[in-house]
Amino acid sequence: MIMLVTKPVPGTLQEGGASFETTHWTVVLRARQSESAESAHQALSTFCEAYWPPLYAFLRHRGYSSADAQDLVQAFFAHLLEQNTLSRADQEKGRLRTFLLGSLQNFLFNEYDRARALKRGGGRQIVSIEEHLPEAEAAMLATAHLSDAGCYDLAWASNIVTRAWQSLQNAFVAEGKAEWLEELRPFVAGGSITPPNQEEAAARLGVPIATLRTWLSRLRQRYRESLRMEVASTVSGPADVDQELQYLYQILMR
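Residues numbered from 1 in each chain as written. Predicted model: local features only at pLDDT ≥ 70, side-chain atom pairs only at ≥ 80, totals over all residues. Heavy atoms only, no water.

Enquirer: Lay out the environment of Leu-252 in plain terms, naming residues and giving numbers.
Expert: Counting through the fold element by element, Leu-252 comes out in helix α12 (residues 241-252). We classify Leu-252 as buried; its relative accessible area is 7%. (Helix = DSSP H or I, 4+ residues; strand = E, 2+ residues; numbered from the N terminus. Buried < 20%, exposed > 50% of the residue type's maximum accessible area, 1.4 Å probe, protein only.)

Enquirer: Tell me what's going on with the pattern of salt bridges, and back it up with residues and numbers.
Expert: Applying the stated criterion to the full structure yields eight salt bridges. A salt bridge links Asp-148 to Arg-62, with the shortest nitrogen-to-oxygen separation between them at 2.9 Å. With Asp-148 in helix α8 (residues 148-174) and Arg-62 in the loop between α3 (37-61) and α4 (66-82), the pair connects residues that are 86 residues apart, well separated along the chain. The exposure class of Arg-62 is partly exposed, given its relative accessible area of 41%. (Salt bridge = Lys/Arg side-chain N within 4 Å of Asp/Glu carboxyl O.)

Enquirer: Describe in detail the packing of aromatic side chains, supporting the description with residues and values.
Expert: Applying the stated criterion across every chain, the model contains eight aromatic pairs. When the ring of Trp-180 is compared with that of Trp-215, the centres are 4.7 Å apart and the planes differ by 25°; the resulting orientation is stacked. Of the two residues, Trp-180 is situated in helix α9 (residues 178-189) and Trp-215 in helix α11 (residues 209-232); the sequence distance between them amounts to 35 residues. A relative accessible area of 15% places Trp-180 in the buried class. Taking NZ or CZ as reference, Arg-97 lies 5.0 Å from the ring centre of Trp-156, over its face. (Phe/Tyr/Trp six-rings, centres within 6.5 Å; stacked < 30°, edge-to-face > 60°. Lys NZ or Arg CZ within 6 Å of the ring centre and 35° of its normal.)

Enquirer: Which residues make up the nonpolar core, and what are the values?
Expert: Across soluble globular proteins, nonpolar side chains show a tendency to be buried alongside one another. Within the largest apolar cluster, 32 residues are counted, with the highest numbers of intra-cluster contacts made by Trp-165, Leu-184, Val-188, Leu-212, Leu-219, Tyr-223 and Leu-248. At the level of secondary structure, the elements contributing two or more residues to this core comprise α8, α9, α10 (198-205), α11 and α12. No other element matches the nine residues that α8 contributes to this core. Counting 28 residues, the second-largest nonpolar core is a separate cluster that includes Phe-47, Leu-72, Phe-77 and Ile-129. (Core = buried A, V, L, I, M, F, W, Y, C linked by side-chain atoms within 4.5 Å.)

Enquirer: With reference to specific residues and values, describe the packing of α9 against α10.
Expert: The contact between α9 and α10 brings their axes to 11 Å, and the two run at 180°. As judged from the angle between their axes, α9 and α10 are roughly antiparallel. Of the residues in α10, those touching α9 at Trp-180, Glu-183, Leu-184 and Phe-187 are Gln-198, Ala-201, Arg-204 and Leu-205. Classifying every residue of the contact of α9 with α10 by side-chain character gives five nonpolar, one polar and two charged. (Axes fitted to C-alpha atoms, helices over the stretch in contact; angles between N-to-C directions. Parallel < 35°, antiparallel > 145°, perpendicular 65-115°, else oblique. Contact = heavy atoms within 4.5 Å. Nonpolar A, V, L, I, M, F, W, Y, C, P; charged D, E, K, R; others polar.)

Enquirer: Can you break down α9 residue by residue, with the values?
Expert: Among the residues of α9, Trp-180, Leu-181, Leu-184, Phe-187, Val-188 and Ala-189 are the ones counted as buried. All buried residues of α9 project into a common sector of 145° when viewed along the axis, lining one side. On the buried face of α9, the contacting elements are α8, α10 and α11. (Arc of directions from axis to C-beta.)

Enquirer: Describe the confidence of the model for the protein chain, with residues and values.
Expert: Detailed reading of the predicted coordinates is not advisable wherever pLDDT falls low. In the predicted model, the protein chain carries a mean pLDDT of 75, and the fraction of residues at 70 or more is 67%. At the level of individual helices and strands, the protein chain shows its lowest average pLDDT in helix α1 (residues 13-16), which scores 37, and its highest in α10, which scores 92. Segment residues 1-22: pLDDT under 50, and 59 contacts once partners within four positions in sequence are set aside and those in other chains are kept. (pLDDT = per-residue confidence, 0-100.)

Enquirer: Lay out helix α5 (residues 96-110) in plain terms, naming residues and giving numbers.
Expert: The end-to-end C-alpha distance of α5, which contains 15 residues, comes to 21 Å, matching closely the 21 Å that a straight helix rising 1.5 Å per residue would cover. Within the sequence span of α5, burial applies to Leu-96, Arg-97, Phe-99, Leu-100, Leu-101, Ser-103, Leu-104, Phe-107 and Leu-108. (Expected span 1.5 Å × (residues − 1).)

In structure tokens, the structure reads:
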């Protein structure tokens, strides 16, 4: 299921609370600048955890079986590390999602025979896919009408939303507010077949309706901040964040 988002409000990165001290770009730079192969592999593994779902979705949409798509994703990430492909990533151009899709397409063209020859489990395992594979497969139902690139973009956007909500959920669990976060989730993240009712939610939580609405206002703000931080980690600078947020919104509302 794809969660809908509230329309992002334009503003500065600082207003959203995100930081560029650690982004996916810095992971790329560490991977390509590190003198230690182990450090480079660790950095790339972290990076791959964030980007395998849209790449896998693209391959599945192209007609590859689940097993072949998994092997190809693993082979592609190994290729990025072994061939130092990330050294060609130009941070000034801003968006890792476009660089990775282009690199995957080139990989499929140039490495087709070698990649297809990989046997299940025989290639280098850069990222663990199996744990979240059912979710990725379930999401394929929502992309049947899209182009290959459209499928990739939707999987990218959905993954951003999922990661943003998970980050928010982790914060609320730490604050001891997990129960009411789950109750209010349909008002913010969507996904309910029946529109949620504020009065009923307030009654279940045992709070006045005014309190519930205050919580909702704060939750929506924190969700926007969490989305902003996730998007900020995929672009090279603050100037790109608002445009990328608008693009994410457009994808999810198609």
